[in-house]
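# What the coordinates show
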Amino acid sequence: MRQEELVGRALAMVRESGGRVTRPREHILRTVVHLGGHPTAAQIHAALGGEGAPHLSTTYRALESLCAIGALSHVHVDHGEPGFHLSAQVTGSPHVHAACSTCATVIDLPAEVVEPVADYLRDNGFEPRLGHSALSVRCPRCVGEPAVTDPAAR
C-alpha cells in the first residue's frame, strides 16, 4: 500500500471516531509513515522540525490520541521509549515485534508466528496482548557482542 493511501486510511479512522483532523495529527501521521519502522516520540518530534512544528507536548498528546483512536499503535522495547507505527487496522497487517536487547533494532513478525502462544494463554484464562511489548532477542549483528544491561549505554 502506498504511503499516501496509508495516511488517508489513518485520517479516515480519526474522522470516523468523531475526532478532528488537526494539523499536528496529520503531520505526525505523515511523519510516522515517512520515517517507517518504530520511531519514538522524540524522533517523530525531531523529524517534524522547522517552522510551524508543534510543541513537544502537543506531539505527545497527538500521539496519545492517535493511539486511542486506533490509527497508531505503540510498542514497548526493553527499557527504552515506546516506538510508534500505523496500527494493524490501518495497514491490514497484524503483527508483533521482536527487539534486539543490545542495539534496540525492532523487527515485525507476522501475528501467526505467536498464535500458538496466544492460544495457550487464552486456554489458561489469560487475555494476550502480544503486540504491546516486543519480544526480547539478540539480532544477528549483536549475537557475538557482550550483552548490554544498562539501556543508557546503547
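Higher on the page you've got the structure.
Reference entry: report on the structure contained in this document. (Residues numbered from 1 in each chain as written. Predicted model: local features only at pLDDT ≥ 70, side-chain atom pairs only at ≥ 80, totals over all residues. Heavy atoms only, no water.)

### Observations concerning the overall build of the protein chain
Note the following rule: Put simply, DSSP H or I for four residues or longer makes a helix, DSSP E for two residues or longer makes a strand, and each gets a number counted from the N terminus. Our radius of gyration looks at C-alpha atoms and nothing else; its globule reference is 2.2 Å times the residue count to the power 0.38. Buried, partly exposed and exposed residues are distinguished by accessible area as a fraction of the type maximum, computed with a 1.4 Å probe on protein chains only: under 20%, between the cut-offs, and over 50%, respectively. The contact criterion used throughout is that any non-hydrogen atoms of two residues lie within 4.5 Å. Here the Shrake-Rupley method, with its probe set to 1.4 Å, supplies the accessible areas, and only the displayed protein chains count as covering residues. In this tally Asp and Glu are treated as negative and Lys and Arg as positive; neither His nor the chain ends contributes. A charged residue contributes its charge at one atom only: NZ of Lys, CZ of Arg, CG of Asp or CD of Glu.
Within the protein chain, the secondary structure is distributed over 6 helices and 5 strands. The N-to-C order of helical and strand elements in the protein chain reads α-α-α-α-β-β-α-β-β-α-β. In terms of overall size, the protein chain behaves like a compact globule, its C-alpha atoms giving a radius of gyration of 17 Å where 154 residues would be expected to give roughly 15 Å. Each of the three principal axes of the protein chain carries a C-alpha extent, and together these read 45 × 40 × 25 Å. Taking all 154 residues of the protein chain together, 33% fall into the buried category. Intrachain contacts of the protein chain at a sequence separation of at least 6 include 53% that bridge at least 24 residues. Surface summary for the protein chain: the accessible area is close to 9,000 Å², and the carbon and sulfur share equals 54%. A distance of 7 Å separates the average location of the 13 positive side-chain charges in the protein chain from that of its 16 negative side-chain charges.

### Points about the pairing of strand β4 (residues 106-110)
Note the cut-off: Strand pairing requires that DSSP identify at least two bridges connecting the strands.
Sheet analysis places strand β3 (residues 95-100) next to β4, joined by 5 bridges and oriented antiparallel. From the neighbouring strand, His97 faces β4, where its bridge partner is Asp108. Connecting the antiparallel pair β3 and β4 is a turn made up of 5 residues, with Ala104 showing a positive phi of about 70°.

### Notes on the nonpolar core
Heads up, the rule is: Only buried residues count toward a nonpolar core, which is a set of Ala, Val, Leu, Ile, Met, Phe, Trp, Tyr and Cys residues joined through side-chain atoms within 4.5 Å.
Core analysis: the biggest nonpolar cluster contains 21 residues, and Ile28, Leu29, Ile44, Leu63, Leu66, Leu72 and Leu86 have the highest contact counts within it. Of all the secondary-structure elements, those providing two or more residues to this core are α1 (3-16), α2 (23-35), α3 (41-48), α4 (56-69) and β2 (83-86). The dominant element in this core, judged by the number of residues it contributes, is α1, at 6 residues. Excluding its chain neighbours within four sequence positions, the residues that come into contact with Leu66 are Val14, Arg25, Ile28, Leu29, Ala71 and Leu72.

### Some words on the sheet that holds β4
Heads up, the rule is: Axis geometry follows a simple rule: fit a line to the C-alpha atoms, using only the stretch in contact for helices, then measure angles between N-to-C directions, giving values from 0 to 180 degrees.
Spatially, the 3 strands line up as an open sheet ordered β4-β3-β5, and their pairing is mixed. Two strands close off the open sheet at either side, each with one partner strand: β4 and β5 (135-137). Ignoring which end each strand starts from, the neighbouring axes of this sheet average 35° apart. Summarising the sheet, β3 and β5 pair through 3 bridges and their orientation is parallel. Opposite Cys100, over in β5, you have Val137 as the bridge partner.

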